[in-house]
Amino acid sequence: MRISDTLQETYVALSANKVRSGLTMLGIVIGISSVIAMVAIGQGAQSSIKANIQAIGSNLVMVMPGAQRGPGFQVSAGRGSARTLTQGDADAIAQGVVLASAVAPELSGRYQVTAKGANTNTSVVGTVSAYPQVRNVQVETGSFITDQNVQSLSKVAVLGPTTRDDLFGEGAEAIGQAIRIKNIEFKVIGITKEKGGTGFGSQDDTIFVPLSSAQRFLAGETYVSTISVQAQDEEFMTTIQQEITDLLLTRHTITDPQLADFNVLNQADIVATASSITETFTILLGAVAGISLLVGGIGIMNMMLTTVTERTKEIGLRKAIGAKRRDISMQFLAEAVALTFIGGVAGVALGWVVSWGFTYLGVLQTTVTASSVLLAFGVSAGIGVVFGYYPARRASRLNPIEALRYE
Amino acid sequence: MIEVRTITKTYDTGAVSFQALKGVSFTVRDGEYVAIMGPSGSGKSTLMHILGALDTPTSGTYLLDGKDVSQFSDDELADIRKNKIGFVFQSFNLLPRATVVRNVSLPLLYAGVNGEERMSRARRALGAAGLDEEHFEHLSNQLSGGQIQRVAIARALVNNPTLILADEPTGNLDSATGEVVLGTFRKLNREQGRTIILITHEHDVAQHAERIIFLKDGMLVDDVIRKPA
């Protein structure tokens, strides 16, 4: 039998029962489209989380305060509560860790901020001139805090674009204007560029002031809340992490690393952890979608078995006029594969539309990869072969005499 | 040329075995019109299945055009049916949703004949079976019983077989339509020299053949050459 004839026979057989063929195909359409969409959403989530982590800076090692412990007691006041990091620690890291290209200590807090009657409550970060380099912040207009500002305890402030919009109105000229933080007047000297992103708090809704001013006028303390260290290269990050730990343990005179009153976080570790979480989610979503694909495949098998029973007499006739086993099994296999293949094409289209919808509505930047499309096609055709094989085999093995007698 | 030599057929149904054919021998020359007659249970259906290469005998030989097909495998038998046998069934067995021409050309599909030639050969066979051209593109379930059986005869003719086997071809037709169908067989036999074997239990139907083989209890009891009615 010729291939073109097989295709024509398949078309005739499937179109003879359009509703049933359509419904059976729908199972595959749903299965394939959910695999495509779920994997696209999972990968989208993964790249969005990665981008968010990357947005806080590149090759970043962060030193955070750990739990405060009293000497000799196993009492912990909770992670992040310790007020043990100082400007001195930051200076020591800058001098002692040669592989670090920049060190930026910061002290942040939330304060009420007013300007010309408008007011907002936002995060105020006291920091130094190295901060933009370390944390990927760019200045749109004006300038960032300088070393001079830090030394002289200048009351100057750099606003994030969101804060600027809140205080002065959208896109308004704010440089040179005065704002009051905790009722102390600061002069606006710069606006940072919009970064977007939500990951670890929007950096667009922030006010930057000199570290010394924040310690003296706002917090009234001398500690710092975070020290961000940028490595010269990605490969040095682990080394730097270790060097900082050793350095600070010595400085804080702690002998047991288990009792350290600080944590050193490596950005690469955070990315790896987040990636592994989203990867697990992608696999989970894909597996759930895969189950629906399996159910669709069983639907195909069910329909094909019904078809074989219904067409027993036709099979008997075809055999009587010279069809071999192979001709019969090819015919039914072709019907099953045609169903799953067409279902696969429609499923890829639907899955793509769903993923595109997620992107369009701004929920998530999804990506339909060529590999997942190819995989879906392969799987759908494969399902046709796997679930069509048994019914086709059953049809091909029918005894022509009994099949012809079948009523 | 068909040669059947002492064929037997035994069916094993568990504990009991049943011998449907107990050593039947006969020869049919090309161009003969033979009726095989017998009451139900005489083994004529079993004989037809063997003659039609749908089944193989338990013992004995069946020579079709000088070739012993009695021990062929399933696929080899399918080839024999494709090239040398045309079936006409009591219940017609047309594909209901297919056109007349498509039904007739179906055997050629498995012979790998291309589409255009399939159509022209199907039309020629339909002409030989005496169906009016206006019905060629109709669906087979739009036709009358007599027309349907002529479509089935055309399907049996289309692969130019050595032997046309008709199993109770008038069984589902009224007697007037039955006469027309039997007339078609006679015409094919006389004008085209087709070899036809007709299986029937009706005496009137058998009268159309020029030779009648009588079966009873799995044995050949009479073989009469006569002038057809």
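We now turn to the structure provided with this report. Since the structure is predicted, the reported quantities are computational estimates derived from the model, not experimental observations.

Right, let's talk about the overall build of chain B for a bit. Summing up its helical and strand segments, chain B has 7 helices and 10 strands in all. Computed over the C-alpha atoms, the radius of gyration of chain B is 17 Å, within 12% of the 17 Å expected from 2.2 N^0.38 for a compact globule of 229 residues. Each of the three principal axes of chain B carries a C-alpha extent, and together these read 50 × 40 × 35 Å. Each of the 229 residues in chain B was classed as buried or not, and the buried ones make up 48%.

Turning our attention to the interface of chain B and chain A. Contact residues are listed per partner, giving 18 residues for chain B and 18 residues for chain A. Looking at the side of chain B that touches chain A element by element, the count peaks at 5 residues for helix H2 (residues 74-84) of chain B. Among the residues making up the side of chain B that touches chain A, the classes are represented as 9 nonpolar, 3 polar and 6 charged.

Note that soluble globular proteins tend to have their nonpolar side chains buried in a common cluster. By size, the foremost hydrophobic cluster in this structure holds 113 residues, and its most contacted members are Ala154(B) and Ile197(B). With 12 residues, the top contributor of residues to this core is helix H2 (residues 18-55) of chain A. If sequence neighbours within four positions are ignored, Ala154(B) has contacts with Val104(B), Ala125(B), Leu126(B), Ala128(B), Ala129(B) and Leu131(B). Listed in part, the 54 residues of the second largest apolar core include Ile53(A), Val209(A), Ile227(A) and Ile244(A).

Residue and element names in this part refer to chain B. The sheet built from 4 strands is open, its strands ordered E2-E1-E4-E5 with antiparallel pairing. Each edge of the open sheet carries a strand with a single partner, namely strand E2 (16-28) and strand E5 (67-68). Where strand E4 (residues 59-64) and E5 come together, 2 bridges link them in antiparallel fashion. When the bridges of E5 are listed, Leu63 appears paired with Asp68. Across the sheet, helix H1 (residues 44-51) lies against strand E1 (2-13), E2 and E4, angled at about 60° from E2, the strand it touches most.

A separate point is the packing of helix H11 (residues 325-360) of chain A against helix H12 (residues 370-396) of chain A. All names here are of chain A. The interhelical angle for the contact between H11 and H12, taken along N-to-C directions, is 150°, at an axis separation of 7 Å. Between H11 and H12, the interaxial angle falls into the category roughly antiparallel. Handedness of the H11/H12 crossing: right-handed. Partitioned by chemical class, the residues of the contact of H11 with H12 number 19 nonpolar, 9 polar and 2 charged.

For the rest of this paragraph, the subject is unusual backbone geometry. Residue and element names in this part refer to chain A. Of note, the phi angle at Lys182 is positive, near 50°, even though the residue is not glycine. Note on placement: Lys182 falls in the loop between strand E6 (178-181) and strand E7 (184-192). Exposure remark for Lys182: the 14 C-beta atoms within 10 Å place this residue in the partly exposed category.

This next bit is on the sheet that holds strand E7 (residues 163-167) of chain B. Residues and elements named next belong to chain B. Spatially, E6-E7-E8-E3-E9-E10 is the arrangement adopted by the 6 strands of the open sheet, whose pairing is mixed. Of all the strands in the sheet, just strand E6 (85-88) and strand E10 (219-225) have a single pairing partner and so form its edges. With direction set aside, neighbouring strand axes in the sheet form an average angle of 20°. Bridging between strand E3 (residues 33-37) and strand E8 (residues 195-200) involves 5 bridges; their strand directions are parallel. Across the sheet, the residue bridging to Val34 is Ile197, located in E8. The sheet contacts of helix H6 (residues 175-192) involve E3, E7 and E8, and relative to E8 the element is tilted by about 155°.

With that settled, the discussion passes to the pairing of E7(B). Residue and element names in this part refer to chain B. With respect to burial, E7 is a largely interior element, 5 of its 5 residues being buried. Going residue by residue along E7, you find Leu163, Leu165 and Asp167 tucked away on one face and Ile164 and Ala166 tucked away on the opposite face as well. Of the strand pairs in this sheet, E6 and E7 are connected by 4 bridges, and their pairing is parallel. The residue bridging Ile85 from the neighbouring strand is Leu163, located in E7. Alignment of E7 against E8, held across 5 bridges, turns out to be parallel. Each bridged residue has a counterpart across the sheet, and for Ala166 the counterpart in E8 is Leu198.

What follows covers the environment of Ala20(B). Residues and elements named next belong to chain B. Mapped onto the elements, Ala20 comes out in strand E2. When the C-alpha atoms of Ala20 and Leu47 are compared, they prove to be 8.7 Å apart, with 27 residues separating the residues in sequence. For Ala20, the contacting residues outside a window of four places in its chain are Lys9, Tyr11, Gly43, Thr46 and Gly218.

As a further point, take helix H9 (residues 267-310) of chain A. Residues and elements named next belong to chain A. With 44 residues, H9 extends 64 Å from end C-alpha to end C-alpha; this agrees with the ideal 64 Å at 1.5 Å per step. Among the residues of H9, those classed as buried are Gln267, Ala289, Leu293, Gly296, Gly297, Gly299, Ile300, Met303, Met304, Thr307 and Val308. Next to the buried residues of H9 lie H2, strand E1 (60-65), strand E10 (262-266), H11 and H12.

Basis of the calculations
- Residues numbered from 1 in each chain as written.
- Chains lettered and ligands numbered in written order.
- Predicted model: local features only at pLDDT ≥ 70, side-chain atom pairs only at ≥ 80, totals over all residues.
- Helix = DSSP H or I, 4+ residues; strand = E, 2+ residues; numbered from the N terminus.
- Rg over C-alpha atoms; globule rule 2.2 N^0.38 Å.
- Buried ≥ 20, exposed ≤ 12 C-beta atoms within 10 Å, placed from the backbone.
- Contact = placed C-beta atoms within 7 Å.
- Nonpolar A, V, L, I, M, F, W, Y, C, P; charged D, E, K, R; others polar.
- Core = buried A, V, L, I, M, F, W, Y, C linked by C-beta atoms within 7 Å.
- Pairing = 2+ DSSP bridges.
- Axes fitted to C-alpha atoms, helices over the stretch in contact; angles between N-to-C directions.
- Parallel < 35°, antiparallel > 145°, perpendicular 65-115°, else oblique.
- Left-handed = near helix turned anticlockwise from the far one by under 90°.
- Expected span 1.5 Å × (residues − 1).

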